[in-house]
Amino acid sequence: MSCWFFGQEINISVLENEIYQNNRSGKHQKSQAKLLNLLEDKNLSTDDEVKLNYLMAATFRSIDDYGSAIKYLKRAMAIAGDADHHDSLKINIQAEMAFAYFDDNKYAESEKIIKEISGKRYKNLDENSKAYIIMQQGYIDFLAKKYESAEKNYDVALSILKKVSVCNQPAVLVKMMELQSAKKNFVSVDDIYSRCIRIADSCKILKYKVYATEEIREIYQRNGDKDKVFQHTKMLDSLNLLFNREKNLSDMHIQNEEYLESKTEKQEEISTVTMIISSIVVIILICTGLYFLRKSVRDRAEKLKIQDELEALKEELKIFSQAQISKNPEKEEILNTANLNRRQKEILDLIAGGFTNKEIADKLSVTEATIKYHIRNLYAALDIKNRKDMLKKFSTR
């Protein structure tokens, strides 16, 4: 499978490896920038477009933005459609969706997809994804306190990863840490954690170090071991400085919104042109009809009357077109005072409506961190210090 990137043919398999490597090393913005540029190509094949959306979803899932990941997965599935030759790709999209729901703690949705995939005996599913599906079934068993079944599933998943993806073993090992903690076997917990760190260091996957350290800290918090909690908190603080997830998340959302916004603006331009062309066609049809009607009318007064009606119709159509493509000048004067972009205007309207940051984030399907980022920019653009000043300024301008 291949596509074109700035005039050069790019092999999708090579691109996939590059994206996964970037994501593992915390270079999520680099992954996103490249995928967005590829998605701009109007000559993409259906296969390539499906795969690019799939990779975009994987990138967002790697920074724990499951809502965006699921949106891209649904888009990929819709593009794939009912074509049989997409079956292999569709089953992997399903698996990725199960992972996103699982990571978002929506276990019922995840288990539904897992059962569907396992019912088909994992047909067309790559071995790495198969291991994750089995691991997640094990975790669902763990939540139901079916520890023996959970451990068996973890062992199967780990044995697959040892063969096909050694670097991904920590995804299962962390779940095994939690299982051993439930069994009060803390020696095993420490051993498994050390194994996770060795693999993450060897493979240079920073996210797995963060993931394992977060989990072991929580384990010792639950069990009241303050010394171990302090030790792992200190480690986690250092890792988070490197990983800087919040900044990556906010920056990626802004870049993603600019891309989607440019798509919307292009669609609006096309709609406006279509509307104007339609108006011109209507005018031509009216003129043609009135021309033949006028020829059949011999009375001069009637001719003048028809001509007046024609001019009136033209003027009405002109006003109609202008009304459709113009904007409310008063509102634009308010919102364009600080040259605000589309998203900032939208957020400003919601703030004026009394919505909280969380409510705004839910309405716009982004994270609260992204909303806070935009609000900081609004403060700077409007030369204000806080939300109270913003509301006052917006409501009295």
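You'll find the structure just up there.
Being a predicted model, the structure only gives us computed values, none of them experimental. (Residues numbered from 1 in each chain as written. Predicted model: local features only at pLDDT ≥ 70, side-chain atom pairs only at ≥ 80, totals over all residues. Heavy atoms only, no water.)

**Here's the deal with the overall build of the protein chain**
Looking only at helices and strands, the protein chain has 19 helices and two strands in total. For the protein chain, buried positions account for 42% of its 397 residues. For the protein chain, the accessible area works out to roughly 22000 Å², and carbon and sulfur atoms hold 51% of it. (Helix = DSSP H or I, 4+ residues; strand = E, 2+ residues; numbered from the N terminus. Buried < 20%, exposed > 50% of the residue type's maximum accessible area, 1.4 Å probe, protein only. Areas by Shrake-Rupley, 256 points an atom, 1.4 Å probe, with all protein chains shown as cover.)

**Section: the state of the cysteines**
In a disulfide, the sulfur atoms of two cysteines are held together by a covalent bond. Counted by the stated rule, this structure contains one disulfide. Covalent S-S linkage joins Cys167 and Cys203, the inter-sulfur distance amounting to 2.0 Å. Given an S-S torsion of about -85 degrees, the disulfide between Cys167 and Cys203 has left-handed geometry. You can see Cys167 sitting in the loop between helix H8 (147–164) and helix H9 (169–182) and its partner Cys203 sitting in helix H10 (residues 186–203), a full 36 residues away along the chain. Residue classification places Cys203 among the buried residues on the basis of a relative accessible area of 17%. (Disulfide = S-S within 2.5 Å.)

**Points about the nonpolar core**
Grouped together as the largest cluster of nonpolar side chains are 72 residues, with contacts concentrated most on Leu15, Leu52, Ile133, Tyr154, Val172 and Met177. Ranked by the residues each element gives to this core, the list is headed by helix H5 (residues 87–103), at ten residues. With 14 residues, the next largest nonpolar core counts Ile351, Val366, Ile371 and Ile375 among its residues. (Core = buried A, V, L, I, M, F, W, Y, C linked by side-chain atoms within 4.5 Å.)

**So, the packing of aromatic side chains**
Counted by the stated rule, this structure contains eight aromatic pairs. Members of the aromatic cluster, joined through ring pairs, are Phe102, Tyr107, Tyr139, Phe142 and Tyr147. The lysine or arginine in question, Lys175, covers the ring of Tyr139, its NZ or CZ lying 4.0 Å from the ring centre. (Phe/Tyr/Trp six-rings, centres within 6.5 Å; stacked < 30°, edge-to-face > 60°. Lys NZ or Arg CZ within 6 Å of the ring centre and 35° of its normal.)

**A short note on the pattern of salt bridges**
Close approach of charged atoms lets side chains of opposite charge pair. By the definition in use, this model includes 14 salt bridges. Two residues, Lys106 and Asp104, come together in a salt bridge whose shortest N-O distance is 3.5 Å. The class for Lys106 is partly exposed, based on a relative accessible area of 36%. Exposure remark for Asp104: the relative accessible area of 30% places this residue in the partly exposed category. (Salt bridge = Lys/Arg side-chain N within 4 Å of Asp/Glu carboxyl O.)

**A short note on a nonpolar patch on the surface**
On the surface, Ile276, Ile280 and Ile284 cluster together to form a nonpolar patch covering roughly 250 Å² of accessible area. On the accessibility criterion, Ile284 (48% relative accessible area) is partly exposed. (Patch = residues over 30% accessible without salt bridge, like charges linked within 9 Å, V, L, I, M, F, W, Y side chains within 5 Å.)

**Remarks on the packing of helix H1 (residues 12–24) against helix H3 (residues 46–61)**
Packing of H1 against H3 brings their axes to within 10 Å, and their N-to-C directions diverge by 10 degrees. Between H1 and H3, the angle is such that the two are roughly parallel. Taken together, the residues of H3 that come into contact with H1 (itself represented by Ile12, Leu15, Glu16, Ile19, Tyr20 and Asn23) are Asp48, Lys51, Leu52, Tyr54, Leu55, Ala58 and Thr59. (Axes fitted to C-alpha atoms, helices over the stretch in contact; angles between N-to-C directions. Parallel < 35°, antiparallel > 145°, perpendicular 65-115°, else oblique. Contact = heavy atoms within 4.5 Å.)

**Here's the deal with unusual backbone geometry**
Although it is not a glycine, Asp64 sits at a positive phi angle of roughly 70 degrees. Along the chain, the position of Asp64 falls in the loop between H3 and helix H4 (66–80). The exposure class of Asp64 is partly exposed, given its relative accessible area of 34%. Positive phi outside glycine occurs at Lys145, with the angle close to 65 degrees. Along the polypeptide, Lys145 turns up in the loop between helix H7 (127–143) and H8.

**Notes on the environment of Arg61**
Structurally, Arg61 can be placed in helix H3. Placed 35 residues apart in sequence, Arg61 and Glu96 show a C-alpha to C-alpha distance of 9.0 Å. Apart from the residues within four sequence positions on either side, Arg61 is in contact with Tyr66, Ala69, Glu96, Phe99, Ala100, Asp103 and Lys207.

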